[in-house]
Amino acid sequence: MSAPADLSAALGVAIAIAIAAIAWRRGSLSNSGAVAATAVGALVFCAGGFAAGLLLVFFFVSSTLLGRLSAPSKRRAAEKAVKGDRRDAAQVLANGGLAAALALAGALLPWPGWGAALVGTLAAVTADTWASEIGTLSRQAPRSILTGRRIEVGLSGGITALGTVASLLGGAAIGLCAGLTAGAPLRWTAIGAGAGLLGSLADSALGASAQALYACRICGERNETPRHCGGPSTLIRGHPAIDNDVVNAVAALCGALAGLGLWALLSLAAG
């Protein structure tokens with residue numbers, strides 16, 4: 001690499017380490033999560049370039065800030081999840097692992113499509129996180145994306161109008177950031193918005209069908225934890241191997257494919 005490239009990579013790695021360290025000290029990342037976040041961030045910065053790294057930083061920082069919302073509805077939602085607000089390595093990799101792989105693929109086999117897929121996957125995880133965090137603040141009860149029936153706040157598969165708008169804005173924000181560096185903000189904002197929304201909806205659809213849902217044998221509460229009230233819960237839907245991390249990883253993949261598809265369509269339309 002040239003000296004400017006070396007300097008950019010070194011700065012990117014320093015940023016990844018600093019953000020992971022700050023998040024760890026504030027309780028947003030577990031020990032394993034801090035290590036994984038540093039590795040993912042360093043790889044994206046070094047292989048994908050500074051612009052790609054900043055997209056990852058935007059996702060992580062915005063998600064962390066939204067995760068600090070302390071509305072009562074969000075606290076109730078957190079109680080139903082297997083993990084709290086502290087992200088571990090599995091959560092970090094489920095959201096950012098594909099972006100790192102795409103950045104590496106782009107460095108080894110240059111092709112513009114890798115960048116479109118990277119924007120799409122980060123748009124999807126950002127859209128899904130914004131929808132989850134902001135959607136819990138909705139005054140309307142969430143409804144299952146598959147049946148339209150009302151479900152409890154915090155259970156996967158539910159959507160609200162507020163959360164859907166938030167997902168659209170989250171994806172669009174990633175696209176806009178990409179477009180400002182690429183010189184085509186409108187085009188990339190559209191790609192980010194579309195890929196983000198599709199990825200977020202895919203997450204909800206999987207959450208409402210394949211993701212494991214349990215009922216506590218003691219209190220009867222439905223949640224996504226295999227153990228509740230000190231004992232094992234009963235699986236009432238989905239597969240025990242499919243948890244929120246698996247769903248997030250699949251949604252990230254859907255976002256990458258959507259980003260690639262939208263990029264190809266807009267490229268054809270532009271001639």
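See above for the structure.
Below: a short report on this structure. This one's a predicted model, so the numbers in the text were calculated from it and none came from an experiment.

Rules behind the numbers
Residues numbered from 1 in each chain as written. Predicted model: local features only at pLDDT ≥ 70, side-chain atom pairs only at ≥ 80, totals over all residues. Heavy atoms only, no water. Core = buried A, V, L, I, M, F, W, Y, C linked by side-chain atoms within 4.5 Å. Buried < 20%, exposed > 50% of the residue type's maximum accessible area, 1.4 Å probe, protein only. Helix = DSSP H or I, 4+ residues; strand = E, 2+ residues; numbered from the N terminus. Contact = heavy atoms within 4.5 Å. Phe/Tyr/Trp six-rings, centres within 6.5 Å; stacked < 30°, edge-to-face > 60°. Disulfide = S-S within 2.5 Å. Expected span 1.5 Å × (residues − 1). Polar contact = N/O pair within 3.5 Å; in protein donor to acceptor, adjacent residues only side chain to side chain. Pairing = 2+ DSSP bridges. Patch = residues over 30% accessible without salt bridge, like charges linked within 9 Å, V, L, I, M, F, W, Y side chains within 5 Å. Areas by Shrake-Rupley, 256 points an atom, 1.4 Å probe, with all protein chains shown as cover. Salt bridge = Lys/Arg side-chain N within 4 Å of Asp/Glu carboxyl O. Axes fitted to C-alpha atoms, helices over the stretch in contact; angles between N-to-C directions. Parallel < 35°, antiparallel > 145°, perpendicular 65-115°, else oblique. Left-handed = near helix turned anticlockwise from the far one by under 90°. Nonpolar A, V, L, I, M, F, W, Y, C, P; charged D, E, K, R; others polar.

Turning next to the nonpolar core. Counting residues in hydrophobic clusters, the biggest one holds 32 residues, and the most contacted among them are Leu-29, Leu-55, Leu-118 and Leu-122. Put simply, the parts of the chain that give this core at least two residues each are helix 1 (3–25), helix 2 (31–48), helix 3 (50–67), helix 5 (89–108), helix 6 (112–135), helix 7 (161–182), helix 8 (185–207) and helix 9 (244–270). No other element matches the seven residues that helix 6 contributes to this core. For Leu-122, the residues in contact, after removing those within four places along its chain, are Ala-52, Leu-55, Leu-56, Ala-99 and Ile-174.

Moving on, we get to the packing of aromatic side chains. Evaluation of the coordinates by the stated rule reveals four aromatic pairs. Between Phe-45 and Phe-50 the ring centres are 5.3 Å apart and the planes differ by 55°, which places this aromatic pair in the tilted class. Residue class for Phe-45 comes out buried when judged on its relative accessible area of 3%. What links up through ring pairs into an aromatic cluster is the set Trp-111, Trp-114 and Trp-263.

In the structure shown here, the tally under the stated rule is zero disulfides. Unpaired in this structure, Cys-219 has its nearest cysteine sulfur neighbour in Cys-216, at a distance of 3.6 Å.

Another aspect to go through is helix 9. Helix length check: helix 9 (27 residues) gives 38 Å between terminal C-alpha atoms against 39 Å at 1.5 Å per residue, within 8%. Along helix 9, the residues classified as buried are Asp-245, Val-247, Asn-248, Ala-251, Ala-252, Gly-255, Ala-256, Ala-258, Gly-259 and Trp-263. Those residues of helix 9 that are buried lie in contact with helix 5, helix 6 and helix 8. Backbone nitrogen of Asp-245 and a side-chain oxygen of the N-cap are separated by 3.2 Å at the start of helix 9; the cap is Asp-243.

Bringing the pairing of strand 6 (residues 231–237) into the picture now. Here strand 3 (residues 213–216) runs beside strand 6; their pairing, made up of four bridges, is antiparallel. In the strand pairing of strand 6, Leu-213 is matched with Arg-237. Pairing analysis gives two bridges linking strand 5 (residues 227–228) to strand 6, with the strands arranged antiparallel. Each residue of the ladder has a partner; that of Arg-227, found in strand 6, is Pro-232. The antiparallel hairpin formed by strand 5 and strand 6 contains two residues in its connecting segment, where Cys-229 sits at a positive phi of about 55°.

Mapped onto the elements, Thr-121 comes out in helix 6. On the basis of relative accessibility, which here comes to 0%, the residue Thr-121 falls in the buried class. Not counting chain neighbours up to four residues away, the residues in contact with Thr-121 comprise Leu-98, Ala-99, Leu-102, Ala-252, Gly-255 and Ala-256.

Moving on to unusual backbone geometry. Here the phi dihedral of Cys-229 falls at roughly 55°; this positive angle occurs in a residue that is not glycine. Here Cys-229 lies in the loop between strand 5 and strand 6. Classification of Cys-229 as partly exposed rests on a relative accessible area of 42%.

A word on the environment of Leu-11. Positionally, Leu-11 belongs in helix 1. Taking the C-alpha atoms as reference points, Leu-11 and Ala-117, separated by 106 residues in sequence, lie 24 Å from one another.

A cluster of nonpolar side chains, Leu-43, Leu-104, Leu-108 and Leu-109, forms an exposed patch at the surface whose accessible area comes to about 380 Å². Structurally, Leu-104 is set in helix 5.

What follows deals with the pairing of strand 3. The side-chain alternation of strand 3 yields two buried faces, one formed by Leu-213 and Ala-215 and the other by Tyr-214 and Cys-216. When strand 3 meets strand 4 (residues 222–223), the two strands line up antiparallel, connected through two bridges. Within the sheet, the bridge partner assigned to Tyr-214 lies in strand 4 and is Asn-223. Two successive antiparallel strands, strand 3 and strand 4, enclose a turn made up of five residues, where Gly-220 displays a positive phi of approximately 80°.

The next point concerns the packing of helix 2 against helix 3. The N-to-C vectors of helix 2 and helix 3 enclose an angle of 150°; their axes lie 6 Å apart at closest approach. Put simply, helix 2 runs roughly antiparallel to helix 3. Handedness of the helix 2/helix 3 crossing: right-handed. Residues Val-40, Gly-41, Val-44, Phe-45 and Gly-48 of helix 2 pack against Phe-50, Ala-52, Gly-53, Leu-54, Leu-56 and Val-57 of helix 3. Looking at the contact of helix 2 with helix 3, its residues break down into eight nonpolar, three polar and no charged.

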